[in-house]
Amino acid sequence: MTRRVVAAAAAVVLMAEAVVIALLNWILGLVVDHQDMSLADLDPSAMTLATWIAGVLIALYLLCCGLALLRTAVRDLAPGRFVRILLITCAVAHGLLGAFAVGLVGWLAFGCLMVVLGLIVLSLFSYEGEEDAADAGPAGAAPGAAPSTSA
């Protein structure tokens with residue numbers, strides 16, 4: 001029961017983070033557009049468009065991670081290999097962003113990112129042994145072996 005709650009909480013937090021990232025990038029794009037300044041002779045409209053595209057892509061990535069965790073919580077089954085890799089990349093990204101955030105933004109941002117990282121890692125580890133047991137079959141039989149029928 002606890003692992004479902006952790007996975008659901010991580011899903012909700014990731015989905016909320018996706019919305020915040022999308023809004024933040026939209027606002028940053030508007031700021032760049034209204035300043036009408038260029039960086040290294042780049043067109044301001046190109047920088048605005050790139051900011052908006054990056055916001056959409058990052059938000060979609062976080063939404064996919066959140067939906068994968070929500071599916072894991074609802075079904076209470078261990079995530080598959082692709083979903084585990086997706087969640088591991090999300091956890092690594094949050095760890096790296098937390099390391100950068102402590103110097104650039106402050107300890108509050110670091111704490112928030114570490115909470116999200118902890119929820120992702122905890123939800124991954126709470127389903128860890130279940131995937132191996134499902135692959136082994138009944139009573140530790142070899143994968144692909146037919147179940148024994150004894151009367």
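Computed from a predicted model, the values in this text were never measured in an experiment.

Quick notes on the rules
- Residues numbered from 1 in each chain as written.
- Predicted model: local features only at pLDDT ≥ 70, side-chain atom pairs only at ≥ 80, totals over all residues.
- Heavy atoms only, no water.
- Core = buried A, V, L, I, M, F, W, Y, C linked by side-chain atoms within 4.5 Å.
- Buried < 20%, exposed > 50% of the residue type's maximum accessible area, 1.4 Å probe, protein only.
- Helix = DSSP H or I, 4+ residues; strand = E, 2+ residues; numbered from the N terminus.
- Polar contact = N/O pair within 3.5 Å; in protein donor to acceptor, adjacent residues only side chain to side chain.
- Contact = heavy atoms within 4.5 Å.
- Phe/Tyr/Trp six-rings, centres within 6.5 Å; stacked < 30°, edge-to-face > 60°.
- Expected span 1.5 Å × (residues − 1).
- Arc of directions from axis to C-beta.

Notes on the nonpolar core
Ranked by internal contacts, the top residues of the largest apolar core, which has 22 residues, are Leu 14, Leu 62, Cys 65, Leu 69, Leu 87, Cys 90 and Ile 120. Those elements that place two or more of their residues in this core are helix H1 (2–35), helix H2 (44–75), helix H3 (81–104) and helix H4 (107–126).

As for unusual backbone geometry
Peptide bonds are mostly trans, and most non-glycine residues show a negative phi. Although it is not a glycine, Asp 76 sits at a positive phi angle of roughly 55°. Examined against the element boundaries, Asp 76 turns out to sit in the loop between H2 and H3. The class for Asp 76 is partly exposed, based on a relative accessible area of 22%.

Here's the deal with the side chain of His 94
If you trace the backbone, His 94 turns up in helix H3. A polar contact is formed between the side chain of His 94 and the side chain of Glu 17, at a distance of 2.8 Å. Apart from residues no more than four positions distant in its own chain, His 94 is found in contact with Leu 14, Glu 17, Leu 62, Leu 113, Met 114, Val 116, Leu 117 and Ile 120.

Some details on the packing of aromatic side chains
Within the structure shown, the criterion is met by one aromatic pair. With a centroid separation of 5.4 Å and an interplanar angle of 85°, the aromatic rings of Trp 107 and Phe 110 are classed as edge-to-face. Taken together, the positions of Trp 107 and Phe 110, both in helix H4 and three residues apart, correspond to about one turn of that helix. The partly exposed category is assigned to Phe 110, whose relative accessible area is 25%.

Here we look at H3
Look at H3: 34 Å from first C-alpha to last across 24 residues, which is about the 34 Å you get at 1.5 Å a residue. Residues of H3 that are buried: Val 83, Arg 84, Leu 86, Leu 87, Cys 90, Ala 91, His 94, Gly 98 and Ala 101. Directly beyond the C-terminal end of H3, a positive phi value near 140° is found at Gly 106.

What about the environment of Leu 117?
The residue Leu 117 is located in helix H4 in this model. Not counting residues within four places of it along the chain, the set of residues in contact with Leu 117 comprises Ala 91, His 94 and Gly 95.

Some words on H4
Between its first and last C-alpha atoms H4 spans 28 Å; for 20 residues at 1.5 Å apiece the expected length is 28 Å, and the two agree. Buried residues of H4: Leu 113, Val 116, Leu 117, Leu 119, Ile 120, Ser 123 and Leu 124, and no others. Across the axial projection of H4, the buried residues extend over an arc of 155°, all falling on one side. Turned more than 90 degrees away from the buried face of H4, the exposed residues are Trp 107, Leu 108, Val 115 and Phe 125.

Function cannot be read off these values alone, since they describe shape.
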